[in-house]
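Take a look at the letters that make up each chain.
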Amino acid sequence: MANIKFVNEDKEAIAADGANLRTKALENRVDIYKTWGKMTNCGGYGQCGTCVVDIVAGMENLSPRTSFEERKLKKKPETYRLACQTLVNGDISVKTKP
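Residues numbered from 1 in each chain as written. Predicted model: local features only at pLDDT ≥ 70, side-chain atom pairs only at ≥ 80, totals over all residues. Heavy atoms only, no water.

- In the nomenclature of an unreviewed UniProt entry, the protein chain corresponds to (2Fe-2S)-binding protein from the organism Zarconia navalis LEGE 11467.
- Quoted verbatim from the Cofactor (unreviewed entry) field of the UniProt record, the comment on the protein chain reads "[2Fe-2S] cluster".
- The heading Sequence similarities (unreviewed entry) in the UniProt record of the protein chain holds the text "Belongs to the adrenodoxin/putidaredoxin family." (UniProt positions renumbered as here; feature names shortened; annotations may be inferred.)

Here's what the structure looks like:
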């Protein structure tokens, strides 16, 4: 089991190993989309790149970046991830809407 701490929202969520970060955020009513992303997101299929989050702690407890993430986040810090492409395998701390 993993503990996900959403720093900006001061919320925590429990997730089974291998849980999708976007899914856990939405299940716990954590808004991960900026204004435009709320209207144009792809629903978690890894096509739009609007669900960017910043991993504050626990990067080692996440799945590796996908090739889509590598392309979409090429000029962003290494701690940025797409929530829809990220699987959680241990405790992490996340900042939404970086």
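**Digging into the sheet that holds strand β2 (residues 11-15)**
Right, so step 1: Read from one edge of the open sheet, five strands run β2-β1-β7-β4-β5, paired in mixed fashion. The sheet is open, and its two edges are formed by β2 and β5 (80-82), each paired on a single side. Taking each pair of neighbouring strands and ignoring which way they run, the sheet shows an average axis angle of 35 degrees.
Right, so step 2: Alignment of strand β1 (residues 2-6) against strand β7 (residues 92-96), held across three bridges, turns out to be parallel. By the bridge assignment for β7, Lys-5 is matched with Ser-93. (Pairing = 2+ DSSP bridges. Helix = DSSP H or I, 4+ residues; strand = E, 2+ residues; numbered from the N terminus. Axes fitted to C-alpha atoms, helices over the stretch in contact; angles between N-to-C directions.)

**Quick notes on the nonpolar core**
Right, so step 1: Grouped together as the largest cluster of nonpolar side chains are 25 residues, with contacts concentrated most on Ile-4, Phe-6, Leu-21, Ile-32 and Val-94.
Right, so step 2: Secondary-structure elements contributing two or more residues to this core are β1, β2, α1 (21-27), β4 (52-57), β5 and β7.
Right, so step 3: Not counting residues within four places of it along the chain, the set of residues in contact with Phe-6 comprises Lys-11, Ala-13, Leu-21, Ala-25, Val-30, Val-94 and Thr-96. (Core = buried A, V, L, I, M, F, W, Y, C linked by side-chain atoms within 4.5 Å. Buried < 20%, exposed > 50% of the residue type's maximum accessible area, 1.4 Å probe, protein only. Contact = heavy atoms within 4.5 Å.)

**Looking at the pairing of β7**
Right, so step 1: Counted residue by residue, β7 has four buried out of five residues, so it is predominantly covered.
Right, so step 2: Two elements, β4 and β7, share four bridges in a ladder whose sense is antiparallel. When the bridges of β7 are listed, Asp-54 appears paired with Lys-95.

**Details of the state of the cysteines**
Right, so step 1: Inspection of every chain in the model, using the stated rule, returns zero disulfides.
Right, so step 2: Not part of a disulfide, Cys-51 finds its nearest cysteine sulfur in Cys-84, a span of 3.7 Å.
Right, so step 3: Given the relative accessible area of 2%, Cys-51 is considered buried.
Right, so step 4: Overall, Cys-84 belongs to the buried group, its relative accessible area being 9%. (Disulfide = S-S within 2.5 Å.)

**Regarding unusual backbone geometry**
Right, so step 1: Not every positive phi belongs to a glycine, and Asp-10 is a case in point at roughly 55 degrees.
Right, so step 2: On the secondary structure map, Asp-10 appears in the loop between β1 and β2.
Right, so step 3: Even without a glycine there, the phi angle at Arg-29 is positive, about 55 degrees.
Right, so step 4: Here Arg-29 shows up in the loop between α1 and α2 (35-40).

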